[in-house]
Amino acid sequence: MTIDEPTIPDLDPVIHAQARLRVVAALSQLNGGDRIAFPRLQEILRMTPGNLSVHLRKLEEAGYVEVTKTHRGRTPATLVRLTNRGRFAFEEYVAALRTLITPGEDPS
Amino acid sequence: MDPSEALDLIQRERANAGRALTPDPRLMYWPWGLTWLIGFGLSFLRYGPGGRVLVAMPEWVPLIGLTALMIAAGVFTGVVGARSSRSVSGPTSRQGVWFGIAWSAGFSGLAVTFGQISEMLPEHLLGLLWGGGIVALVGALYMAGAAIWNDRTMFVLGAWISAVNVIGVLCGPGWHALVASIAGGGGLLVAGLIGWLRLR
């Protein structure tokens, strides 16, 4: 992956990777407190389970997503949600992108 | 990935996830629009203004037709709504379930109440009672749904339905069915189209 671009210093390296950005952007569409099942997220993102797992682990390590294992009836289910911290990081990231595109303008 | 590419990617992914997680407004509104157009249309044709029979048909056809169509539309939209929120758990799916229960409870309450007094009413007032009551309930529930999901289109639809219902009821039997069919059913079809265009 050609992801973490050192030329752009202020962008969050955890999010500034195409695959993880997609994951976070999709999760940001869930309302706060809502969790989505892993296979459904995978379906929405069109990612392989292995690929999605890897990126979720990185995001989890940064505290941006929360992955919970639970049971639905007798079948185990893995649920994913964006944490408040992750949502904040995503908003900051989007704001940073906007300032990079139109320098001098404070987006807030 | 330069900043504008990243913003485009975010935009695309959010739109894609939004479409996947929100039921298609066409599938949520159009079955109801057709139900009203046909159901209240039949009622208007059978029990026209001033007691005129515009199209001859057995007197039970409009009410049974409307009831059957409403059950079908209710089941269909229930399944579509549940499908879009499948595999998502938390406050939002609970809101959806509770809102669905509110619809069922409202309709059941009306049906039981009106059922008790229907026998004492002449045929031409029966349509006005059931039609006016159901349309009033639907208008209020759409406005309440709009408040839950902060959905302007849904609020305008609910307000429109509530307003044309009052006008129809005041105009009297026959006219109410016409207003509910054209303005109410039409409003539902337009709301589905607008919602879909916004989501696309």
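Note that the structure is a prediction, hence the values are computed from the model and not measured. The numbering scheme is per chain: residues are counted from 1 as the chain's sequence reads. Going through the entries in the order they are written, you letter the chains from A and number the ligands from 1. Where local features are concerned, this predicted model is filtered to residues with pLDDT of at least 70; where side-chain atom pairs are given and counted, the filter is 80 or more; whole-chain, interface and lining totals use all residues.

Colleague: Would you mind going over the interface of chain B and chain A in detail, with residue names and values included?
Modeller: By a widespread convention, an interface's size corresponds to the accessible area lost as its parts come together. Taken residue by residue, the interface counts 20 residues in chain B and 21 residues in chain A. Put simply, the parts of the chain that give the side of chain B that touches chain A at least two residues each are helix 1 (3-21), strand 1 (88-89) and helix 4 (91-118) of chain B. Runs of E in the DSSP output that reach at least two residues are strands. Runs of H or I that reach at least four are helices, and both are numbered from the N terminus. Ranked by residue count, the leading element in the side of chain B that touches chain A is helix 1 of chain B, at 13 residues. Grouping the constituent residues of the side of chain B that touches chain A by class yields 11 nonpolar, seven polar and two charged. A pair of strands is treated as paired once DSSP finds two or more bridges between them. Inspection of the sheet shows strand 1 (residues 35-37) of chain A paired to strand 1 of chain B by two bridges, in the antiparallel sense. Note that in strand 1 of chain B the partner of Arg35(A) across the bridge is Ser89(B). We call two residues in contact if the C-beta atoms placed from their backbones are at most 7 Å apart. Residues are grouped as follows: nonpolar covers Ala, Val, Leu, Ile, Met, Phe, Trp, Tyr, Cys and Pro; charged covers Asp, Glu, Lys and Arg; every other residue, Gly included, is treated as polar.

Colleague: I'd like a description of the pairing of strand 2 (residues 65-72) of chain A, backed by residues and values.
Modeller: Residues and elements named next belong to chain A. Examined bridge by bridge, strand 2 and strand 3 (residues 75-82) share eight bridges and lie antiparallel to one another. Opposite Val 65, over in strand 3, you have Leu 82 as the bridge partner. Hairpin connection, strand 2 to strand 3: the antiparallel pair is bridged by two residues, and Gly 73 has positive phi, about 65 degrees.

Colleague: Residues and numbers for the packing of helix 2 (residues 25-46) of chain B against helix 3 (residues 61-84) of chain B, please.
Modeller: Residue and element names in this part refer to chain B. Angular values range over 0 to 180 degrees, each being the angle between N-to-C directions of two axes fitted as lines to C-alpha atoms, with helices fitted over their stretch in contact. Between helix 2 and helix 3, the least distance of the axes is 9 Å, while the angle of their chain directions is 180 degrees. Comparing their axes, helix 3 and helix 2 come out roughly antiparallel. On the side of helix 2, the interface is formed by Leu 27, Met 28, Pro 31, Trp 32, Thr 35, Ile 38, Gly 39, Phe 40, Leu 42, Ser 43 and Arg 46, while helix 3 contributes Val 61, Pro 62, Gly 65, Leu 66, Leu 69, Met 70, Ala 73, Phe 76, Thr 77, Val 80 and Gly 81. Should an angle fall under 35 degrees it is taken as roughly parallel, and over 145 as roughly antiparallel, whereas 65 to 115 is taken as roughly perpendicular and any remaining angle as oblique.

Colleague: Tell me what's going on with the confidence of the model for chain B, and back it up with residues and numbers.
Modeller: Residues and elements named next belong to chain B. Confidence scores here are pLDDT values: one per residue, from the predictor, ranging 0 to 100. The predicted model of chain B averages 92 in pLDDT, with 100% of residues at 70 or higher. At the low end of the mean pLDDT range in chain B sits strand 1, at 88; at the high end sits helix 6 (residues 152-171), at 96. Interface scoring of the predicted complex returns ipTM 0.82; its pTM is 0.81.

Colleague: Quick one: what's the story with the packing of helix 4 of chain B against helix 5 (residues 123-149) of chain B, residue by residue and with numbers?
Modeller: All names here are of chain B. Closest axis-to-axis distance for the helix 4/helix 5 pair is 11 Å, and the angle between their directions is 165 degrees. Considering their axes alone, helix 4 and helix 5 lie roughly antiparallel with respect to each other. Judged by the twist between their axes, the crossing of helix 4 over helix 5 is right-handed. Taking contact as the criterion, the partners of Gln 95, Phe 99, Ala 102, Trp 103, Gly 106, Leu 110, Phe 114 and Ser 118 in helix 4 are, on helix 5, Leu 126, Leu 129, Trp 130, Gly 133, Ile 134, Leu 137, Leu 141, Gly 145 and Ile 148. Of the residues assigned to the contact of helix 4 with helix 5, the class counts are 12 nonpolar, five polar and no charged. By the definition used in this description, the sense in which the near helix is turned from the far one sets the handedness, with an anticlockwise turn below a right angle giving left-handed and a clockwise turn giving right-handed.

Colleague: Can you lay out the nonpolar core for me, pointing to particular residues and giving the numbers?
Modeller: The biggest cluster of nonpolar side chains holds 31 residues, and the ones touching the most others in it are Val24(A), Ala26(A) and Leu27(A). The set of elements that each furnish at least two residues to this core consists of helix 1 (18-27), helix 2 (38-45), helix 3 (49-61), strand 3 and helix 4 (84-101) of chain A together with helix 1 of chain B. It is helix 1 of chain A that contributes the most residues to this core, six residues altogether. For Ala26(A), the contacting residues outside a window of four places in its chain are Leu41(A), Ile44(A), Leu45(A), Glu13(B) and Ala17(B). To form a nonpolar core, buried Ala, Val, Leu, Ile, Met, Phe, Trp, Tyr and Cys residues must be joined through C-beta atoms within 7 Å. Counting other C-beta atoms within 10 Å of each residue's C-beta, where C-beta atoms are placed from the backbone, gives the exposure class: buried for 20 or more, exposed for 12 or fewer, partly exposed between. With 29 residues, the next largest nonpolar core counts Trp30(B), Tyr47(B), Leu69(B) and Ala177(B) among its residues.

Colleague: Give me the sheet that holds strand 1 of chain B: which residues, what numbers.
Modeller: Strand order in the open sheet made by the four strands is 2(A)-3(A)-1(A)-1(B), with antiparallel pairing throughout. Lying at the two open borders of the sheet, with one neighbouring strand each, are strand 2 of chain A together with strand 1 of chain B. The pairing of strand 1 of chain A with strand 3 of chain A spans two bridges and is classified as antiparallel. Paired with Ile36(A) across the strands is Val80(A), a residue of strand 3 of chain A.

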